[in-house]
Amino acid sequence: MRALNQRAADIAVWLLLLGMPYWLDSVGGYTSLGSRILVLALAATSLNFLLGFTGVLSFGHAAYFGLGVYGVGLTIKYLVPSTLAGMAVGVVAGTIAAAIIGALIVRLRGIYFAMVTIAFGQVFYFIAYRWNSVTGGDDGLSGWQRQPIDLGFTTVDILGNDKAFYYLVLVSFAVAVAIMAALLRSPFGRTLLAIRENERRARFLGIPVDSHIWLSWVISCLFVSLAGTLYALLNNFADPHDLRWDQSGDFVIMAVLGGMRTFWGPLIGAAIFVVLQDYISSETANWMSFIGLFFVLVVLFFPRGVLGLIQRRSAP
Amino acid sequence: MTQLLLFNLFNGLIIGAFYALMALGLSLILNLSGVINFAHGGFLAIGGYLAYMLIPHLGFWGALAVAPVLTAGLGLIVERVLIRPLYGRDPLYSLLLTFGLAFILEDGTRYIWGAGTLPFAVPGWLSSPLSNTFFFLTGYRMFMVALVVVAVTGLFLILNRTRLGMRIRAGTMDLETVSVLGVNTGILRNLNFGLGIYLAGLAGVLAAGMLGLQPTIGSTLIMPSFVAIIIGGLGSLPGTLLGGLLIGVASGITTVFFPSASEAVIYVIMGLVLLVRPRGLLGEEGRF
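Throughout, residues of each chain are indexed from 1 in the direction in which the sequence is written. Labels are handed out in written order, letters beginning with A for the chains and numbers beginning with 1 for the ligands. Local features are withheld for residues below a pLDDT of 70 in this predicted model, meaning they are given only at 70 or higher, and side-chain atom pairs are given and counted only at 80 or more; totals for whole chains, interfaces and linings count all residues. By convention in this description, side-chain values take in all heavy atoms of the structure and omit both hydrogens and water.

**So, the overall build of chain B**
Then, number 1: Helix numbers and strand numbers start at the N terminus; a helix is a DSSP run of H or I with at least 4 residues, a strand a run of E with at least 2. Assigned secondary structure in chain B consists of 11 helices and zero strands.
Then, number 2: Moving toward the C terminus, one meets the helices and strands of chain B in the order α-α-α-α-α-α-α-α-α-α-α.
Then, number 3: Taken against the 2.2 N^0.38 rule, which gives 19 Å for 288 residues, the C-alpha radius of gyration of chain B at 19 Å falls within 12% of a compact globule.
Then, number 4: Each principal axis of the C-alpha distribution contributes one length, and for chain B these read about 60 × 50 × 35 Å.
Then, number 5: The cut-offs for exposure are 20% and 50% of the maximum accessible area for each residue type, with area from a 1.4 Å probe on protein chains only; residues under the lower value are buried, those over the upper are exposed, and the others partly exposed. Residue burial in chain B is summarised as follows: out of 288 residues, 59% are buried.
Then, number 6: For every accessible area listed, the method is Shrake-Rupley and the probe measures 1.4 Å; residues are considered covered only by the protein chains on display. By element, 68% of the accessible surface of chain B is carried by carbon and sulfur atoms, the whole surface being about 11500 Å².
Then, number 7: As used throughout, the charge tally considers Lys and Arg to be positive and Asp and Glu to be negative, leaving His and the chain termini uncounted. Note on charges: their place is set at NZ of Lys, CZ of Arg, CG of Asp or CD of Glu. If you average the places of the 13 positive and of the 9 negative side-chain charges in chain B, the two averages end up 9 Å apart. The reference for a compact globule is 2.2 Å times residues^0.38; the radius of gyration itself is calculated from the C-alpha atoms.

What follows is the structure in C-alpha cells.
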C-alpha cells in the first residue's frame, strides 16, 4: 500500500511539473517563476543528497552553484556562443573545485565541517567580486545571453521562448534527480544512509567512510553546479551574490522547510521559498527581515518540514 | 616602501585584533554550546549603533562602557528565548536560526538608522597622529590596540581565575559531568553567551570609530572571524587569538603587493593549514 502511494505521489509530481507552464498562469504565476522554482529545487535536492541522506551539513554549496553560474557566463561571453558548451564548462569547474576542496575537508565532522565549507565558499565570492576585468566585479557579468540549442535536425529556441527554456530545465532536473534517486537505491546509497545513522558502526563494518562522504560531496556539488548553470541561463546574468554565503543558507532552508529526510521535500521547500520571496520582495523593501523571521519560525516551529510532518501524521 | 609596508602591517595588526576580538566571542559560544553564531556580526553592529546613540548623552567613554553591556543584555535575552530550545538538537538548527537572526539584525539596523555611513566621533586628542613620519600611528589606533589587549587579558583572567570561568572551561570539556556536579548549565550557557556577545559589542564600538557605522559592518567582519577560529584550531581560545592576528597581518602585507587578493589570501592560508594540520594550529587532536 505504502509503495503504491509512493508511486502515485511520484507520478503526480511529474505530471504537475510537466504541465507547470500551462497551469501556472492561472494561479497568478509566470513561466520564468516556474523555471526559477525548478532550478532552485534542483540545487536544494542536490544539497539534500549530502545533508539528508549522508548526514553531512554543508553551508557552502553556493560556491559550486556560483562556479556553474560563472562557468556558463564566461564561456558564452568569451569562448563559444553555445549553451551546452557553457553548461559543460560550468559543471566541470564546479565538480573539480569540489573534488579538491572535498579532499581537504572530508576528515572534518559536524559543525567544524559546516564552518569550513562556509569559509571556503567565500574564496570564490571574493574572486568573482574582485576580478573586475573578467567577471564584472560587483556589477555582475552581463552582456551575454543563452543561445538556441542546435540538435542537428532542429533548433530549440530557448532564448525567445520561455516555455522551451522551462523544458530544458525540466529535462536537466529530471535527469539529475533520476540519477540521484538511482544512486540512493543502490548499495552505495544504502551505505550513505548507514553512515548517516551511525558512522562509528559503519566504520567497524569496514566501510571506508571518508571516501564515501567525499564521493557523496562531489556528486552533490556536481548537481548543484548544474543548477548554477541553469540559473545563469535563466537570468542571462551572473551575479556575485549567487556564490555568497546567504545563498548557501537559502538552499539549506529550502531542504529543511520541505523535509530533509524525504526525497521530494527540497522541491516543495524551494517552491514555497521562491513564491514567498517573490511576493515579499515586491511588497516591502525590508524583505531581509521577513526572510530572516521566516528562518527563525521554520527552525522553532517547523523543524521536520512539510513532508516530514505529513509522513509522521500518516505513520501508524 | 618600508613606510608603506609598515603602514599596512600595522593596519593588518589592528584589523587582526578586531577579528580576534570577534572570533574569541564566537569561539566561547561554539566551544561551550556547539552553536555557530552567525548573528555575531549583527550584535557587533548593534553595539556600534547603541554607542552612536549614547555618545550625545554619556560622551565617548560612557558609551564605550555602556553600549557593550547593553548589547550583552540583548544577547542574554536572545539566548534564553531563541537558542536555548535548540540545545541537544542537530547543530543545523541553531545555525539556521542565527543565520535568520543575522538577516533581521542587519535589516533592523538599516531600518532604524538608515543604510548610509554614520559619522562616529572619537575624542579629538585620540584622532591626531602621534608622529609625522609614521602618520598612520594615530592615537585612536594605538588606543584600540591597547583596549583589545586589555579585553583579551580580562577574558583570560575571567576564564582562569573566576568560578564562572572555571565552569565554562570545564563545561567546554564535558558539560554533562559539570551538570551532574550541580552546576546549572542553563545559566552557565546563558552567561557564556552574554560574555561572547559583550566582546562583539565592544568590537562594534571600536570598529565604528575606525570604519564608520554601516548596517553591513558586521557581515564584512564575520567571515574572517570564522577563518581565524579554523586556523587557530577549534576549541582553543589562544589559537583563535593567534589566528585572528595572523590573518590580519597576512592580509595587510598582501595589500602592499597584490591589493585585490587581500581578502582571498586568508582563505588560502586556511587551505594550507587544513592540508598540513586539519585540527588547526593549536587545536586538540581528535576533538572534532
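**Examining the nonpolar core**
Then, number 1: Membership of the largest hydrophobic core comes to 208 residues, with the highest contact counts inside it found for Tyr64, Ile105 and Phe173 of chain A.
Then, number 2: The contact partners of Tyr64 of chain A, leaving out residues within four places of it in the chain, are Gly94, Ala97, Ala98, Ile101, Trp217, Cys221, Val224 and Ser225 of chain A. Within this scheme, the nonpolar core is defined by two criteria: the residues are buried Ala, Val, Leu, Ile, Met, Phe, Trp, Tyr or Cys, and they are joined through side-chain atoms within 4.5 Å. Two residues form a contact once any of their heavy atoms are found within 4.5 Å.

**Things to note about unusual backbone geometry**
Then, number 1: Residues other than glycine seldom take positive phi values, yet Asn236 of chain A does so here, at roughly 55 degrees.
Then, number 2: Note that Asn236 of chain A resides in the loop between helix H10 (209-235) and helix H11 (245-258).

**Regarding the confidence of the model for chain B**
Residue and element names in this part refer to chain B.
Then, number 1: The pLDDT averaged across chain B works out to 86; a share of 94% of its residues lies at or above 70.
Then, number 2: The secondary-structure element of chain B with the lowest mean pLDDT is helix H4 (residues 124-127), recorded at 66, while helix H2 (residues 40-83) shows the highest, at 91.
Then, number 3: Two numbers describe this predicted complex: its pTM, 0.88, and its ipTM, 0.85. Every residue carries a pLDDT, the predictor's confidence in it, which falls somewhere between 0 and 100.

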